[in-house]
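# Coordinates in review
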Amino acid sequence: MIKTRFAPSPTGFVHIGNLRTALYAYLFAKQQKGHLILRIEDTDQERFVEGAMESLINTLKWAGLSYDEGPHPDDLTQSIGEAGPYIQSQRLEIYKEEVQKLLETGHAYHCFCSLERLDQMRKDQQERHLAPMYDKKCRYRPKEEIKQLLEEKAPYVIRLAIPEHDTLRFRDLVRGDLQFESATIDDQVLVKSDGFPTYHLANVVDDHLMKVTHVIRGEEWLPSTPKHVYLYKAFNWERPEFAHIPLFLNKDKSKLSKRQNDVAVEDYIKKGYLPEAMLNFIALLGWNPGAGETNEIFSLDQLVEKFNLGKVHKAGAVFDLERLNWFNAHYIRALSVEEFAGKIYPWLEKTDWFKGTADDLQKKEVYRLLPAIQTRITILSEAPAILNYLLAEKLEYNPSLLKNEKMNVDLPVAKSALQACYEDLKKHDDFSSEDAIKACLVKTIDRLKFKNGQVLWPLRVALSGQEYSPGAFEMIFLLGKEKSLERIGKTNSSLAATPANL
Ligand code: GLU
């Protein structure tokens, strides 16, 4: 059976690049009726973050990437699947046993070198412009000496004995044939002086014991892969296939960084991105379904069907937020009003004006306004502010917003425009469509002999109190006759009290 795995370290957030790793591993496994494993790589105790595992699992749940084996989402002390536990800190005995085998066969050795010695070595190498590498002193220590040091309980690490003078060749499913000289590969530490395994040991042991057939991971792990291949050889285990997927890049082609983009999936969730949009967007960053396919919108199931590891690109993929926004807007528009309401209410519950005070009438009002909101927003978090000013009893804004130099609107113009609009709309009966409202106001503009903007700008501001909002006709349509007149009238009378030179 095909098995892939997602093996994050619980750092407190899921990097957006890691979400794509999880997605590709999911797509590849599902396509072949295989299993996706979630394995938590938490052997670095210094980086322990409280609650990180739970939030990681929740993020995967949000994305809809369900795994077939891994920690039980409701009880992390339990596992789903037969190769558990799937949390590395619960598997320490396994690593100890396995590394023992390597010591016995001579593929690993105890290293007693002090930190001071290693530091000095590194400094000397740096001065000579050499790559930092362990000089293998302990690899060739006499057996007797090792025995004695162990009896004396001298502190040690365990290192992998990388074969000397070897050329390692292997094929990566994305990057093709690769070749490494063993002389350039360090005798990797497998067990640290505190007895904890390093990433390399735990990762390889687990991939083997969990019967992983395909390791799909970010390109940043490629330099570790030769060490892993040598580890498989040392254990005499069959190794899985490797596929290293390209990095996400900032627009300037540097590695995706916090300074230029949000990198945590949780930040995108907080801003109101939809999982469908996010998955669609990241799936196409680094892969596309081929020249014949012009469609860009793919559901998770469609991605499962179309995904092809062989078509994953080698080059890094530029993370373009505008494209993500385009996908998100698309998926928002595609929701039914009921579905949209279901997404929006949790956002409204977080606001003061809706929370607690929302009665049935207010809920009805919100529901009536939702279609207008749905065609307008890019991310869900924008909805509460728009709804707030649509529903507000009283608008608070700076009257200077009514002015617009470019459109030739000063306060006297604004006042005349609002006065005329008020009178005409009051006499008007048909508020059933934006066009009907427009028909009325076009006459007002004619009568005043003003330019469109000279009327519609102050009118829109009087109705919304916002610099940016739906247009005047749509605002009136959304607010209805009574509320529109009330807002226009209030602004107009407050203008009487405002100095014209404001
Ligand atoms: N624990 C590593 C990470 O944090 C996993 C790398 C791998 O997939 O081998 O990404």
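Because the structure is predicted, anything quoted here is derived from the model rather than measured.

Bringing helix 18 (residues 472-496) into the picture now. Between its first and last C-alpha atoms helix 18 spans 22 Å; for 25 residues at 1.5 Å apiece the expected length is 36 Å, and the helix comes up short by more than 12%. In helix 18, a bend of some 115° at glycine 480 exceeds every other bend along the element.

Now for empty space enclosed by the protein. Taken as a whole and judged by the stated rule, the model has one cavity of 30 Å³ or more. Taken as a whole, the largest cavity holds about 40 Å³ of empty space. Lining the largest cavity we find Phe6, Ala22, Leu36, Ile37, Leu38, Leu60, Leu65 and Tyr67. Ranked by residues supplied to the lining of the largest cavity, first place goes to strand 2 (residues 35-38) with three residues. Here the lining of the largest cavity is built from residues that sort into eight nonpolar, no polar and no charged.

Our next topic: the layout of surface pockets. What the largest pocket holds in volume is close to 970 Å³. Lining the largest pocket are 44 residues; nearest its centre among them are Pro8, Ser9, Thr11, Asn18 and Trp221. Sorting the residues of the lining of the largest pocket by element identifies strand 1 (3-6), helix 1 (16-31), helix 2 (52-63), helix 6 (199-209) and strand 10 (214-218) as the ones contributing at least two each. Across the lining of the largest pocket, the residue classes tally to 20 nonpolar, twelve polar and twelve charged.

Turning next to the packing of aromatic side chains. According to the stated counting rule, one finds 13 aromatic pairs in the structure shown. Geometrically, the ring pair formed by phenylalanine 112 and tyrosine 156 is edge-to-face, given 6.0 Å between the ring centres and 70° between the ring planes. Residue phenylalanine 112 is located in the loop between strand 5 (108-111) and helix 4 (115-127), and its partner tyrosine 156 is located in the loop between helix 5 (143-151) and strand 6 (157-160); the two are separated by 44 residues in the primary sequence. Relative accessible area serves as the criterion here: at 12%, phenylalanine 112 is assigned to the buried category. On the numbers, 6.0 Å between centres and 55° between planes, the contact of tyrosine 268 with phenylalanine 319 is tilted. Of this pair, tyrosine 268 sits in helix 8 (residues 265-271) while phenylalanine 319 sits in the loop between strand 13 (317-318) and helix 11 (321-333), placing them 51 residues apart in sequence. Looking at phenylalanine 319, the relative accessible area reads 1%, which means it is buried.

Another aspect to go through is the side chain of threonine 351. You can see threonine 351 is positioned in the loop between helix 12 (337-349) and helix 13 (360-374). Given the relative accessible area of 13%, threonine 351 is considered buried. Of the polar contacts made by the side chain of threonine 351, one reaches the backbone oxygen of leucine 348; its length is 2.7 Å.

This part is about the site of the ligand. Every residue near the ligand is listed here: Arg5, Ala7, Ser9, Glu41, Tyr199, Asn203, Arg217 and Trp221. One nitrogen or oxygen atom from the side chain of glutamate 41 is found 2.6 Å from a nitrogen atom belonging to the ligand. Between the ligand and tyrosine 199 there is a distance of 2.8 Å, counted from an oxygen atom to a side-chain nitrogen or oxygen. Protein chains bury 90% of the 300 Å² of accessible surface belonging to the ligand in isolation. Its residues assigned to classes, the shell around the ligand shows three nonpolar, two polar and three charged.

With 108 residues, the main nonpolar core has Leu65 and Ile282 as its most contacted residues. Residue contacts for leucine 65: discarding those within four places in its chain leaves Leu19, Ala22, Leu23, Tyr26, Leu60, Leu279 and Leu300.

Turning our attention to the environment of alanine 383. Along the chain, the position of alanine 383 falls in helix 14 (residues 383-391). Residue class for alanine 383 comes out buried when judged on its relative accessible area of 0%. When the C-alpha positions of alanine 383 and aspartate 135 are compared, they lie 62 Å apart, and in sequence the two are 248 residues distant. Leave out the neighbours within four places in its chain, and alanine 383 touches Ile344, Ile373 and Ile377.

This part takes up the packing of helix 6 against helix 7 (residues 225-235). For the pair helix 6 and helix 7, the least separation of the axes is 10 Å and the interaxial angle reads 55°. When the axes of helix 6 and helix 7 are compared, the pair comes out oblique. As for how helix 6 packs across helix 7, the hand of that crossing is right-handed. Residues Tyr199, His200, Leu201, Asn203, Val204, Val205, Asp207 and His208 of helix 6 pack against Lys227, His228, Leu231, Tyr232 and Phe235 of helix 7. Grouping the constituent residues of the contact of helix 6 with helix 7 by class yields seven nonpolar, four polar and two charged.

What counts, and at which threshold
- Residues numbered from 1 in each chain as written.
- Predicted model: local features only at pLDDT ≥ 70, side-chain atom pairs only at ≥ 80, totals over all residues.
- Heavy atoms only, no water.
- Helix = DSSP H or I, 4+ residues; strand = E, 2+ residues; numbered from the N terminus.
- Expected span 1.5 Å × (residues − 1).
- Bend = angle between axes of the 7 residues up to and from the residue.
- 1 Å grid on protein atoms, 1.4 Å probe; cavity = no way out; pocket = protein on both sides within 12 Å on 5 of 7 lines; lining within 4 Å.
- Points joined across faces, edges and corners; volume = space filled by probe spheres on them.
- Nonpolar A, V, L, I, M, F, W, Y, C, P; charged D, E, K, R; others polar.
- Phe/Tyr/Trp six-rings, centres within 6.5 Å; stacked < 30°, edge-to-face > 60°.
- Buried < 20%, exposed > 50% of the residue type's maximum accessible area, 1.4 Å probe, protein only.
- Polar contact = N/O pair within 3.5 Å; in protein donor to acceptor, adjacent residues only side chain to side chain.
- Near = heavy atom within 4 Å.
- Areas by Shrake-Rupley, 256 points an atom, 1.4 Å probe, with all protein chains shown as cover.
- Core = buried A, V, L, I, M, F, W, Y, C linked by side-chain atoms within 4.5 Å.
- Contact = heavy atoms within 4.5 Å.
- Axes fitted to C-alpha atoms, helices over the stretch in contact; angles between N-to-C directions.
- Parallel < 35°, antiparallel > 145°, perpendicular 65-115°, else oblique.
- Left-handed = near helix turned anticlockwise from the far one by under 90°.

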